[in-house]
Amino acid sequence: MTASNLRTVYLKDYQPSAYLINRTELHFHLLEDHVIVSSRLHLLRCAASAQDASLTLNGEEMELLSVSIDGIRLAEEEYSVSAESLVIHRVPEQCVIACETRIRPQENTALSGLYKSRNLFCTQCEAEGFRRITYYLDRPDVMSVFTVTIEGDRERYPVLLSNGNLIEAQQLADGLHSAVWHDPFPKPAYLFALVAGDLEHVEDRFTTMSNREVTLRIYVEKKDIDKCGHAMRSLQQAMRWDEDIYGREYDLDIFNIVAVDDFNMGAMENKSLNIFNTSCVLCSQQTTTDLGFQRVQSIVAHEYFHNWSGNRVTCRDWFQLSLKEGFTVFRDSQFSADVGSPTVKRVEDVTLLRSLQFAEDAGPMSHPIRPESFIEINNFYTATVYEKGAEVVRMIHTLLGAESFRRGSDLYFERHDGQAVTCEDFVLAMEDASGVNLQQFRRWYSQAGTPQLNVQDEYDEHAKCYTLHVEQSCPVTPGQAKKLPFVIPLAMGLLGEAGNLPLRLRDLPADIETSDNTHRVLTVNQPKQSFVFEGVSERPVPSLLRGLSAPVRLQFEYSSQDLCALMRRDSDGFVRWDSAQTLLTRIIFEVEQQLLSGAAVVLDQLLIEACSDLLRDHSLDPAMVAEMFRLPSEDYLAEQASQAGGANVDSIHHARDWVRSALGQALAPLFLARYQGLEIQQVDAPEATQIADRSLRNMCLAYLVSANVDNLALATVQYREATNMTDRQAALKEIAFYADHKLRASTLENFHQKWRHEALVVNQWLQVQAAIPDREGLSRVKALMTHADFELGNPNKVRALVGGFVNQNLVNFHHLDGSGYRFLGDVVVKLNRLNPQLASRLLTPLTKWQRYPARGTLMRAELERLSAEPALSPDVFEVVSKSLQ
Ligand code: TRP
Ligand code: ZN
């Protein structure tokens, strides 16, 4: 492994830039096999810096044609160019540096910088893509006012877009035209964007709180123009919500969204020109599942919210990434909770956090939400920075209360508007506005690992006293052997026979009491602590960590009866779901042991009764009932098992299947009754109640099919008669997983025939097949990689097929002959050259070798093979080398 050009960057080495770029003028000449970029950078040396300093500009993958200072072209000895920089040896205090460079977007398969997605020119500059466009101070604390001229063929590229306002458009000779865009807000280069192509748009308006009219446009390919309505409505909803909840108003007269097919992530918040993966914009009932609709809504909102949390106030350096991402994820999840069901949204977020982020924090890439070092920043767009980062902001919200939190965010935005700041600045604003001391709380920013809370209880019947003994700890993570105690908000209640009990906490001032005297948030901040409740008339079941009030693992010795009681009767919807999950997880592991030992296996009667009540109770939100029946994923079960010593994918798979099938059999009449009772009237846009009904109905279908393959008849009818993609895809999945060869093949073929012109639906088709857990799993995926509809150059397709296989088809990926690992290794080797960001992300499941005792050696061997590959990208190198440490 050659790592000669790989440098580790450290937070502690941060130095402010010696130069500012007050204004940036760019000119793009778009041609068919290359693009000429001309820049004029208005530079100013910062007072504190030395005289006659040399200047190093970042620049990669480009050809320098000329460079000049104040109009005078530099001679060759006055500068030097390397693979990653342009060094100008002597630069005056104030000057204009002009560069002319040639780049080749047509050959840019990394999808970073300026590239082509089919016939469309587009950009992705976060984190360090701008340096692939022109030589620049490519760091977020260098903020500049941009003026951008785009010149290109009128017919091929009728639409020319960049950030800010269009100030000039011209028809030129030779079939060319040009547009000039000016963005009045100083911004870091990572927020720069350019789009040129043959696009159509839909347009709508938004009137801001101070009565300014904003034009909203969504640009897509002509064929997709009727799939923009939901994204547009989501944008308007998000704009209103940010005014109502955060007092944040939009600041330009125009806001554009562009959808592109080839994109490394979901979307990007470029100032006034958000660029989206088509999968995060386009929606129709025919092609998009309800989950897809919700995803579009939350991502549109997320990118819009960045206008304040990210753009107006940005990051000083990339170690502060969670400053904008954690806060913005928190904001978008608050938004989704407000416009939908808060409990369902929380359940979804927690499921994601526990399966992805807890796993990341327990593995070799574990890092704090504010990392201290990195080799490749692209590797740090992680569940930890995003999702755990959002949990940390959520805890601040809990500790301060909504009102103080709002005062804190107001102060933060006001104090730092137009600045590039740090996580510390955010916490300080929260402290200053609320008077709450967050000194110890700051450890959440610097310590990695998922803390564990061990809770024990004690009931004194005579004194009517109930005590919770709480102990916290945090596992060792790379580079962090010792951890100091965290501040952990522990939301809780106590469940008695007749409902939740009033809480009287000893030694706490009365002013902390809330309007609901059955709910408290305890502040755990020491290694060991006890909380004593007085006047407790019976031994209660504690309802702990409500809403997952902190991103921690909870350990409490609940009996199955306790869990059932919480599941049926706690006043907190999240705890009801969580207790069901805990119980199901426990039962699956028991079944796993029984299956392994050959003992007779029976399903817990308590579970059957509790589940039967859930299905009978029509007053419950069907979406929540569906969530309570959703079995923990194999991946999550493997994560849990590894906490207890090690995971066996095969026996986990069988035990999980066994439980689903047994539960399906035990409750078959009830599942069938609900399935038939939830027939849904179709309307245009999915409404919350319909989404909820469909969710439960399809959950019933899955149990019915597991119980008895004859129930595939229901799936076949549903597949044929579905009027929306949610129902059609749910039926397809059952048929693909459980039908005989003939029915499976014909249904998949039918689906492909019907939808082969819809790229996003073809991806769903690939993903369903990637996850089929039968013996042909890997060969099916390999065959699909040669299918005409698969392209290695399109990240959505790679994620659907390869990602679907390695993340969702655990029994095949982890086949003991090592074929799954070898397959992933081969794909990563190819992608390492084409698209390193994607290669490195796909690699994640291999890094979890410590989870699987019987397979660790095989998995490491594949990592070793990768590490011996020549020309590893920094992205892949970092993940491989850290995983092998
Ligand atoms: N800032 C984007 C977001 O909203 C993340 C992102 C989009 C990104 N594209 C990227 C990060 C490419 C790294 C590379 O979350
Ligand atoms: Zn973001």
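Residues numbered from 1 in each chain as written. Chains lettered and ligands numbered in written order. Predicted model: local features only at pLDDT ≥ 70, side-chain atom pairs only at ≥ 80, totals over all residues. Heavy atoms only, no water.

A.B. asks: Explain the overall build of the protein chain to me, please; I cannot follow it from the model alone.
C.D. replies: Check the secondary structure of the protein chain and you find 27 helices and 32 strands. Relative to the globule expectation of 29 Å for 885 residues, the C-alpha radius of gyration of the protein chain, 28 Å, shows essentially globular dimensions. With the principal axes as the frame, the protein chain shows a C-alpha extent of 90 × 70 × 60 Å. For the protein chain, with 885 residues in total, the buried portion stands at 60%. Within the protein chain, contacts between residues at least 6 apart in sequence are counted, and of these 70% link residues at least 24 apart. (Helix = DSSP H or I, 4+ residues; strand = E, 2+ residues; numbered from the N terminus. Rg over C-alpha atoms; globule rule 2.2 N^0.38 Å. Buried < 20%, exposed > 50% of the residue type's maximum accessible area, 1.4 Å probe, protein only. Contact = heavy atoms within 4.5 Å.)

A.B. asks: Please clarify how the pattern of salt bridges should be interpreted in this entry.
C.D. replies: A pair can form between side chains of opposite charge whenever their charged atoms are brought close. Under the defined criterion, the tally for this structure stands at 54 salt bridges. Residue Arg102 is joined to Glu63 by a salt bridge in which the shortest nitrogen-to-oxygen separation is 2.8 Å. Remark: Glu63 occurs in strand β5 (residues 63-69) and Arg102 occurs in strand β9 (residues 94-103); sequence separation between them is 39 residues. Arg780 is paired through a salt bridge with Asp774; the nearest N and O atoms lie 2.8 Å apart. Shared partners join several salt bridges into a network, and the residues in it are Glu126, Glu269, Lys324 and Glu325. (Salt bridge = Lys/Arg side-chain N within 4 Å of Asp/Glu carboxyl O.)

A.B. asks: In this structure, what is going on with the sheet that holds strand β6 (residues 72-73)? I would like to understand it.
C.D. replies: Sheet strands associate in pairs through backbone hydrogen bonding, adopting either a parallel or an antiparallel arrangement. Reading across the sheet, the eight strands line up as β6-β5-β9-β3-β2-β12-β15-β14 and stay open at both edges, with mixed pairing between neighbours. Of all strands in the sheet, those bounded by a partner on one side alone are β6 and β14 (165-171). (Pairing = 2+ DSSP bridges.)

A.B. asks: So what exactly am I meant to see when it comes to the site of ligand 1 here?
C.D. replies: Around ligand 1 there are 15 residues in total, and Glu126, Ala267, Glu269, Glu303 and Tyr386 lie nearest to it. One of the side-chain N or O atoms of Gln124 is found 3.2 Å from a nitrogen atom in ligand 1. The side chain of Lys324 places a nitrogen or oxygen atom 3.4 Å from a nitrogen atom of ligand 1. Here ligand 1, which alone exposes 370 Å², has 97% of that area covered by the protein. (Near = heavy atom within 4 Å. Polar contact = N/O pair within 3.5 Å; in protein donor to acceptor, adjacent residues only side chain to side chain. Areas by Shrake-Rupley, 256 points an atom, 1.4 Å probe, with all protein chains shown as cover.)

A.B. asks: Even after reading the chapter, I still don't get the coordination of the zinc ion (ligand 2), so can you show me in this structure?
C.D. replies: Octahedral six-donor coordination of a metal ideally yields angles of 90 or 180 degrees, compared with 109.5 degrees for tetrahedral four-donor coordination. The coordination sphere of the zinc ion (ligand 2), as far as protein atoms go, consists of His302 (NE2), His306 (NE2), Glu325 (OE) and Glu325 (OE), spread over 1.9 to 2.7 Å. Metal-centred angles of 48 to 161° between the six donor atoms at the zinc ion (ligand 2) mark the site as irregular. (Donors = N, O, S within 2.8 Å, 3.2 Å for Na, K, Ca; no water. Tetrahedral: all angles 85-135°; square planar, octahedral: opposite > 155°, others 65-115°.)

A.B. asks: So what exactly am I meant to see when it comes to empty space enclosed by the protein here?
C.D. replies: It is a probe the size of a water molecule, rolled over the atoms, that shows where empty space is left. For the structure shown, the criterion picks out two cavities of 30 Å³ or more. Contributing to the lining of the largest cavity are Lys223, Asp224, Lys227, Asp261, Thr278, Leu282, Thr287, His757, Glu758, Ala759, Leu760 and Val761. Split by residue class, the lining of the largest cavity holds four nonpolar, three polar and five charged. Computed from the structure, the second largest cavity encloses a volume of approximately 50 Å³. Together, Ser322, Leu323, Phe327, Ile369, Gly389, Val393, Cys423, Phe426 and Tyr445 line the second largest cavity. Tallying contributions element by element places helix α3 (residues 321-339) first for the lining of the second largest cavity, with three residues. For the lining of the second largest cavity, the per-class residue count stands at seven nonpolar, two polar and no charged. (1 Å grid on protein atoms, 1.4 Å probe; cavity = no way out; pocket = protein on both sides within 12 Å on 5 of 7 lines; lining within 4 Å. Points joined across faces, edges and corners; volume = space filled by probe spheres on them. Nonpolar A, V, L, I, M, F, W, Y, C, P; charged D, E, K, R; others polar.)

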